[in-house]
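Structure at a glance
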Amino acid sequence: GVSMAVNYGLEKVRFPAPVPVGASLQASAEVVGVQPRVRSTQLTVRVTVRCDAAERPVCVADVVILFVG
């Protein structure tokens, strides 16, 4: 019953470590929130980007998507 998905924006964007030139990157995503709204649903997904040359993630961001039905 979804007619449209809108990239609503980003929250809590962090860059805890630098990315060295030529490094490989891997990204993973985890659903961290679902909020029902009037005629829509807001989904929050935490995207974590890791680098093979760094112990800490190089980027962590919460992506907010609005599903309109």
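Residues numbered from 1 in each chain as written. Predicted model: local features only at pLDDT ≥ 70, side-chain atom pairs only at ≥ 80, totals over all residues. Heavy atoms only, no water.

Here we take up the nonpolar core. Counting 5 residues, the largest nonpolar core consists of Ala 17, Val 49, Cys 51, Val 58 and Cys 59. Residues within four places of Ala 17 in sequence aside, it is in contact with Ala 54, Arg 56, Pro 57 and Val 58. (Core = buried A, V, L, I, M, F, W, Y, C linked by side-chain atoms within 4.5 Å. Buried < 20%, exposed > 50% of the residue type's maximum accessible area, 1.4 Å probe, protein only. Contact = heavy atoms within 4.5 Å.)

One can find Ala 53 in the loop between β3 (40–51) and β4 (59–68). Taking relative accessible area as the criterion, Ala 53 reaches 52% and is therefore assigned exposed. Linking Ala 53 and Val 19, residues 34 residues apart in sequence, is a C-alpha distance of 7.7 Å. Excluding its chain neighbours within four sequence positions, the residues that come into contact with Ala 53 are Pro 20 and Ala 23. (Helix = DSSP H or I, 4+ residues; strand = E, 2+ residues; numbered from the N terminus.)

To continue, consider the pattern of salt bridges. When charged atoms on two side chains of opposite charge get close, those side chains can pair. Evaluated as defined, the whole model comprises 1 salt bridge. Here Asp 62 and Arg 46 are joined by a salt bridge, their closest N and O atoms 2.8 Å apart. With Asp 62 in strand β4 and Arg 46 in strand β3, this pair connects stretches of sequence that are 16 residues apart. We classify Asp 62 as buried; its relative accessible area is 4%. (Salt bridge = Lys/Arg side-chain N within 4 Å of Asp/Glu carboxyl O.)

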